[in-house]
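A look at the structure
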Amino acid sequence: MAVKDRDRFSTATRIRLLGEQTAARVYRSQTKRQARRSRLTGRAALLALVVCSLVVALAYPIRQYVAQRAEIADLEREQRQARERVERLRDQKARWQDDAYAEQQIRKRLHYVMPGETGYVVIDPDAAKQSRTDTGGADRPWYSNVWDGVDKADAAEAPDR
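Everything numeric in this text was worked out from a predicted model, so none of it was measured. (Residues numbered from 1 in each chain as written. Predicted model: local features only at pLDDT ≥ 70, side-chain atom pairs only at ≥ 80, totals over all residues. Heavy atoms only, no water.)

Let us look at the overall build of the protein. Regarding its fold elements, the protein presents six helices and zero strands. Along the protein, helices (α) and strands (β) appear in the sequence α-α-α-α-α-α when read from the amino end. A total of 161 residues make up the protein; the buried ones form 3% of that total. Roughly 15,400 Å² of accessible area belongs to the protein as shown, and the carbon and sulfur atoms make up 58% of that amount. (Helix = DSSP H or I, 4+ residues; strand = E, 2+ residues; numbered from the N terminus. Buried < 20%, exposed > 50% of the residue type's maximum accessible area, 1.4 Å probe, protein only. Areas by Shrake-Rupley, 256 points an atom, 1.4 Å probe, with all protein chains shown as cover.)

Below is the structure:
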């Protein structure tokens, strides 16, 4: 019995017991890891790969489809606007075919009067005062006035762009 008790307290026995305990702990942790790994199987990975490849393969055609549908909608809108404009122009052409309308527009735009009528032009007094005060260009050379006119015309077109 003394040999057995001595074996129990010997260094070799202690090391062997520690090794066995450590091996048991490692084995338990490995089985837990394997249990965790088993959730993602090869089938699940393959399925994920197939789904990702389908998404990548279909992304470009779907984007093209959406872009083409937007372009078709824009073209249909432009076509509708062009048809409306054609209808307005046809109406205007039909109005100009009427002699009474043409005469009315000629009188209005060109200030024509019929024989025997007296034509009057009413001038706005404020506009007349404004044109008299705007004589600053008379004392400058003619090319400065021309250049200022070009600048004013260019400035008037700028907001339309």
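Here a ring pair, both rings aromatic, is described through the centre-centre distance and the interplanar angle of the planes. What the rule picks out here adds up to two aromatic pairs. Taking the centre distance of 5.4 Å and the plane angle of 80 degrees together, the rings of Trp 96 and Tyr 101 count as edge-to-face. The partly exposed category is assigned to Trp 96, whose relative accessible area is 33%. Between Trp 142 and Tyr 143 the ring centres are 5.9 Å apart and the planes differ by 80 degrees, which places this aromatic pair in the edge-to-face class. The pair formed by Trp 142 and Tyr 143 is uniform in burial state, with each residue classed as exposed. (Phe/Tyr/Trp six-rings, centres within 6.5 Å; stacked < 30°, edge-to-face > 60°.)

It is worth spelling out a nonpolar patch on the surface at this point. A cluster of nonpolar side chains, namely Leu 46, Leu 49, Val 50, Leu 54, Leu 58, Ile 62, Tyr 65 and Val 66, defines an oily patch on the protein surface of about 800 Å² accessible area. Checked against the element boundaries, Leu 49 lands in helix 3 (residues 42–97). (Patch = residues over 30% accessible without salt bridge, like charges linked within 9 Å, V, L, I, M, F, W, Y side chains within 5 Å. Salt bridge = Lys/Arg side-chain N within 4 Å of Asp/Glu carboxyl O.)

The N-to-C vectors of helix 3 and helix 4 (residues 99–110) enclose an angle of 90 degrees; their axes lie 5 Å apart at closest approach. One way to sum up the angle between helix 3 and helix 4 is to call them roughly perpendicular. Taking contact as the criterion, the partners of Arg 95, Trp 96 and Gln 97 in helix 3 are, on helix 4, Asp 99, Tyr 101, Ala 102, Gln 105 and Arg 109. When the residues that make up the contact of helix 3 with helix 4 are grouped by side-chain class, the tally is three nonpolar, two polar and three charged. (Axes fitted to C-alpha atoms, helices over the stretch in contact; angles between N-to-C directions. Parallel < 35°, antiparallel > 145°, perpendicular 65-115°, else oblique. Contact = heavy atoms within 4.5 Å. Nonpolar A, V, L, I, M, F, W, Y, C, P; charged D, E, K, R; others polar.)

Let us look at helix 4. With 12 residues, helix 4 ought to run about 16 Å at 1.5 Å a step, and its terminal C-alpha atoms sit 16 Å apart, in line with that. For helix 4, the complete set of buried residues consists of Tyr 101, Ala 102 and Gln 105. Down the axis of helix 4, the sector holding all buried residues measures 95 degrees, keeping them to one side. The outward face of helix 4, more than 90 degrees from its buried face, is lined by the exposed residues Asp 99 and Ala 100. Its buried side turned inward, helix 4 meets helix 3. Positive backbone phi, at 60 degrees, marks His 111, one or two positions downstream of helix 4. (Expected span 1.5 Å × (residues − 1). Arc of directions from axis to C-beta.)

The next point concerns the pattern of salt bridges. Within this structure, the stated rule accounts for five salt bridges. Between Glu 103 and Arg 107 there is a salt bridge; the shortest N-O distance is 3.7 Å. Remark: Arg 107 and Glu 103 occur in helix 4; sequence separation between them is four residues, near one turn of the helix. For Arg 107, a relative accessible area of 29% corresponds to the partly exposed category. Among the charged side chains, a network of salt bridges with common partners joins Glu 103, Arg 107 and Glu 117.

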